[in-house]
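The residues making up each chain are set out below.
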Amino acid sequence: MHWAKKTNEESLRETVYEIVAQIPQGRVLTYGAIARLAGYPNHSRLVGRIMRGAPDGQLPCHRVMSSSGRLAPHFPAQANLLMAEGIEITKTGKVPLKQYLWQIE
């Protein structure tokens, strides 16, 4: 029996989900940081597409945002979920990354 070989995107999807699952409460990561950690440093938009297709309620997707700290435009609950974890949202609708970015050692 032959097993279907995973495509690069399938492998990346699994890796992205593993990384996102580890983001601690009260911390955030950017699409670009996740792409770099996954070994695809120039694929932050692909990470964004993968996150849009993430299974509901199984990952802390609300902890992922743009490199400017801007929240996802089609995720209205994101701000409330972040604030419930003690993460500040500025008046301009951004997360201050210097304060809340997960510093992976």
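Participant: Got a minute to help me understand the side chain of Q78 in this structure?
Facilitator: Secondary-structure assignment places Q78 in helix α4 (residues 78-84). What Q78 contacts, discounting residues up to four positions off in sequence, is C61, H62, V64, M65, L71 and A72.

Participant: Even after reading the chapter, I still don't get the environment of K94, so can you show me in this structure?
Facilitator: Its location among the elements puts K94 in the loop between α4 and α5 (97-100). Taking the C-alpha atoms as reference points, K94 and Q22, separated by 72 residues in sequence, lie 22 Å from one another. When sequence neighbours within four positions are dropped, the list of residues in contact with K94 reads S68, G69, R70, E88 and I89.

Participant: Would you explain the pattern of salt bridges in this entry?
Facilitator: Pairs can form between side chains of opposite charge whenever their charged atoms are close. Inspection of the entire model under this criterion finds 1 salt bridge. Among the ionic pairs, E85 bridges to R63, the shortest N-O distance being 2.7 Å. Of this pair, E85 sits in the loop between α4 and α5 while R63 is found in the loop between α3 (44-52) and β2 (64-65), placing the two residues 22 residues apart along the sequence.

Participant: Please clarify how the nonpolar core should be interpreted in this entry.
Facilitator: A general trend in soluble globular proteins is that nonpolar side chains are found buried together. By size, the foremost hydrophobic cluster in this structure holds 19 residues, and its most contacted members are V16, V20, I34 and M51. Residue assignment for this core shows that the elements contributing at least two residues are α1 (8-21), α2 (31-37) and α3. A total of 5 residues in this core trace back to one element, the largest contributor, which is α1. Discounting residues that sit within four places of it in the chain, M51 has contacts with V16, V20, Y31, C61 and V64. Judged by nonpolar contacts, the second largest core, of 10 residues, contains V28, V95, L97 and Y100.

What counts, and where the lines are drawn
Residues numbered from 1 in each chain as written. Predicted model: local features only at pLDDT ≥ 70, side-chain atom pairs only at ≥ 80, totals over all residues. Heavy atoms only, no water. Helix = DSSP H or I, 4+ residues; strand = E, 2+ residues; numbered from the N terminus. Contact = heavy atoms within 4.5 Å. Salt bridge = Lys/Arg side-chain N within 4 Å of Asp/Glu carboxyl O. Core = buried A, V, L, I, M, F, W, Y, C linked by side-chain atoms within 4.5 Å. Buried < 20%, exposed > 50% of the residue type's maximum accessible area, 1.4 Å probe, protein only.

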